[in-house]
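# Structural features, examined
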Amino acid sequence: MYGIVLVVILIVMGGAIAYIGDKLGSKVGKRKLSIFGLRPKHTSIIVTIITGILITSSTLAVLAMTSENVRVALFGMEALNKQIQETEFNLNTIQAELDNANQQRQKTVAELEKVTAAYEKANQDIAQSQEQIRALEVTKNTLEQAKTALDAKVATLTEEQSVREADIERLNILTEKLNKGILFVREGQIIFRAGEVITNVVVPYTDNEDKRMHMLSDIVYQANKQILERLAIKEDIEVLWLSQAEFNEAMRQLSSLGQKEAVVRIIAAGNIVYGEPVRVQIKLYPNHRIYNQNDFVYSEVVSVEKGDNAEQVVLDFLADVNEKAIAKGILPDPIRRTVGSMTGSQFYDIVNNIENLSGKIEISAYAGDDVNAAGPLRLNIYVKTLN
């Protein structure tokens, strides 16, 4: 805006100078003035020139006095050009530095990207390492658990070995005592068959471990007495041999049966002959009611004629009753697989009754009293003729 004003002032002043110079020259020409002996015409021209110079000088002086920009334009142009050149040089220098800085920035950005990629890869490696560490910790824990289990197993095996060594020592002592207790023996004669039941006892439930141990120990002691009586040995010696491991297992089984009675059977572990310890095993079974007194057990219809083998008919019927009772849950004798008992008089009464009949008859068996799994099953047998 300031430049426009200045241009307008110069235009106006130029017009004014021209007008004043013209007027002044005209007046000098009309008066025919002469300077330095010059002709009036030439004097008029000189006056006009001088006037123009004075007016222009005055104008420039006034403008220079009133405007710093005019002073700079008139007297400081070289300095301004020099300053402009210096400024352009500085600008170029700064631009070069800026370009260099941009290059450095791009290089730094590239390095930063590399560092970032390396950092991310390092994080991935750390995550993988942590995962491997966790896997190794799991493996370590598994190995420690396996080691603990193996240590426990070794301890158990060591304990079992100690128990077996004690059993062997006890068996040797028992054999020595048994040989001293039996004075006259028949070598090779079997006194117990493998699986033969030596004693069959029902024990009540108790949650007291000491009581359970006392009951089992007493059953083993009573079985030993029965063996001594069977061998006609008067001395109170130990002839029954049961390993400590089997006794401990029986204790565990007795505890696992819960709140139930248990049938405890001591059976011969093999064929036992005179002169050797009676090796036995303990078998435990849960005991529960199978039949109440007078419960129906089994019946069948058969055809008979007088003179038939009535005894075989009764035996076949009793065999069927026996299998039915075993299937119901009564524990059979391991050798004979029988579950009941019948007196000879009762058996022959039934046989005699059938011998006098002919045609179709129904034979029925009922429980003579309450029967649990331990048995034995006593029967009431009825024979009825069918028309």
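Rules and cut-offs
- Residues numbered from 1 in each chain as written.
- Predicted model: local features only at pLDDT ≥ 70, side-chain atom pairs only at ≥ 80, totals over all residues.
- Heavy atoms only, no water.
- Phe/Tyr/Trp six-rings, centres within 6.5 Å; stacked < 30°, edge-to-face > 60°.
- Helix = DSSP H or I, 4+ residues; strand = E, 2+ residues; numbered from the N terminus.
- Buried < 20%, exposed > 50% of the residue type's maximum accessible area, 1.4 Å probe, protein only.
- Axes fitted to C-alpha atoms, helices over the stretch in contact; angles between N-to-C directions.
- Parallel < 35°, antiparallel > 145°, perpendicular 65-115°, else oblique.
- Left-handed = near helix turned anticlockwise from the far one by under 90°.
- Contact = heavy atoms within 4.5 Å.
- Nonpolar A, V, L, I, M, F, W, Y, C, P; charged D, E, K, R; others polar.
- Patch = residues over 30% accessible without salt bridge, like charges linked within 9 Å, V, L, I, M, F, W, Y side chains within 5 Å.
- Areas by Shrake-Rupley, 256 points an atom, 1.4 Å probe, with all protein chains shown as cover.
- Salt bridge = Lys/Arg side-chain N within 4 Å of Asp/Glu carboxyl O.
- Pairing = 2+ DSSP bridges.

## Description of the packing of aromatic side chains
How two aromatic rings sit relative to each other is given by the distance of their centres and the angle of their planes. For the coordinates displayed, the defined rule picks out 4 aromatic pairs. Centre to centre, the rings of Tyr366 and Tyr382 are 5.7 Å apart; their planes meet at 70°, and the pair counts as edge-to-face. Placement of Tyr366 in strand β9 (residues 359-367) and of Tyr382 in strand β11 (residues 379-385) is noted, with a sequence separation of 16 residues between them. Of the residues examined, Tyr366 reaches a relative accessible area of 28% and is grouped as partly exposed. By relative accessible area, Tyr382 is classed as partly exposed at 46%.

## Considering the packing of helix α5 (residues 209-231) against helix α6 (residues 244-256)
Two elements in contact, α5 and α6, have axes whose closest approach is 10 Å; the angle formed by their N-to-C orientations is 125°. Classified by the interaxial angle, the pair formed by α5 and α6 is oblique. In terms of crossing hand, the pair formed by α5 and α6 is right-handed. Across from Glu209, Arg212, Met213, Leu216 and Ser217 in α5, the residues of α6 making contact are Phe247, Ala250, Met251, Leu254 and Ser255. Residue composition of the contact of α5 with α6, grouped by class: 6 nonpolar, 2 polar and 2 charged.

## A few points about the packing of helix α7 (residues 310-328) against helix α8 (residues 344-355)
Helices that pack against each other are described as a pair by the angle of their axes relative to one another and the distance between those axes. The N-to-C vectors of α7 and α8 enclose an angle of 120°; their axes lie 8 Å apart at closest approach. Classed by the angle they form, the pair α7 and α8 counts as oblique. Handedness of the crossing formed by α7 with α8: right-handed. Across the interface between the two elements, Ala310, Glu311, Val314, Leu315 and Leu318 from α7 touch Phe347, Tyr348, Ile350, Val351, Ile354 and Glu355 from α8. Counted by class, the contact of α7 with α8 contains 9 nonpolar, no polar and 2 charged residues.

## Details of the environment of Ile363
On the secondary structure map, Ile363 appears in strand β9. Here Ile363 falls in the buried class, since its relative accessible area comes to 1%. Through-space distance from the C-alpha of Ile363 to that of Val313 is 9.9 Å; in sequence the pair is 50 residues apart. Not counting residues within four places of it along the chain, the set of residues in contact with Ile363 comprises Tyr298, Ser299, Glu300, Val302, Val313, Phe317, Ile354, Ile381 and Tyr382.

## Side note on a nonpolar patch on the surface
Taken together, the side chains of Ile45, Ile49 and Ile53 make up a nonpolar region of the molecular surface, amounting to roughly 270 Å² of accessible area. When you line up the elements, Ile49 lands in helix α2 (residues 40-66). With relative accessibility at 48%, the residue Ile49 sits in the partly exposed group.

## With respect to unusual backbone geometry
At Asn294, a residue that is not glycine, the phi angle is positive and equals roughly 70°. When you line up the elements, Asn294 lands in the loop between β7 (289-291) and β8 (296-304). Of note, Arg337 is a non-glycine position whose phi angle comes to about 55°, a positive value. With respect to the helices and strands, the residue Arg337 is situated in the loop between α7 and α8. For Arg337, a relative accessible area of 38% translates into the label partly exposed.

## Focus: the sheet that holds strand β2 (residues 197-203)
Here 4 strands make up an open sheet; going across it, the order is β2-β4-β6-β3 and the pairing mixed. The open sheet terminates on both sides in strands that have one partner only, identified here as β2 and β3 (240-241). Examined bridge by bridge, β2 and strand β4 (residues 261-268) share 6 bridges and lie antiparallel to one another. The partner of Val202 across the bridge, within β4, is Val263. Contacts from α5 reach β2, β3, β4 and β6 (278-287), with the element oriented near 150° to β2.

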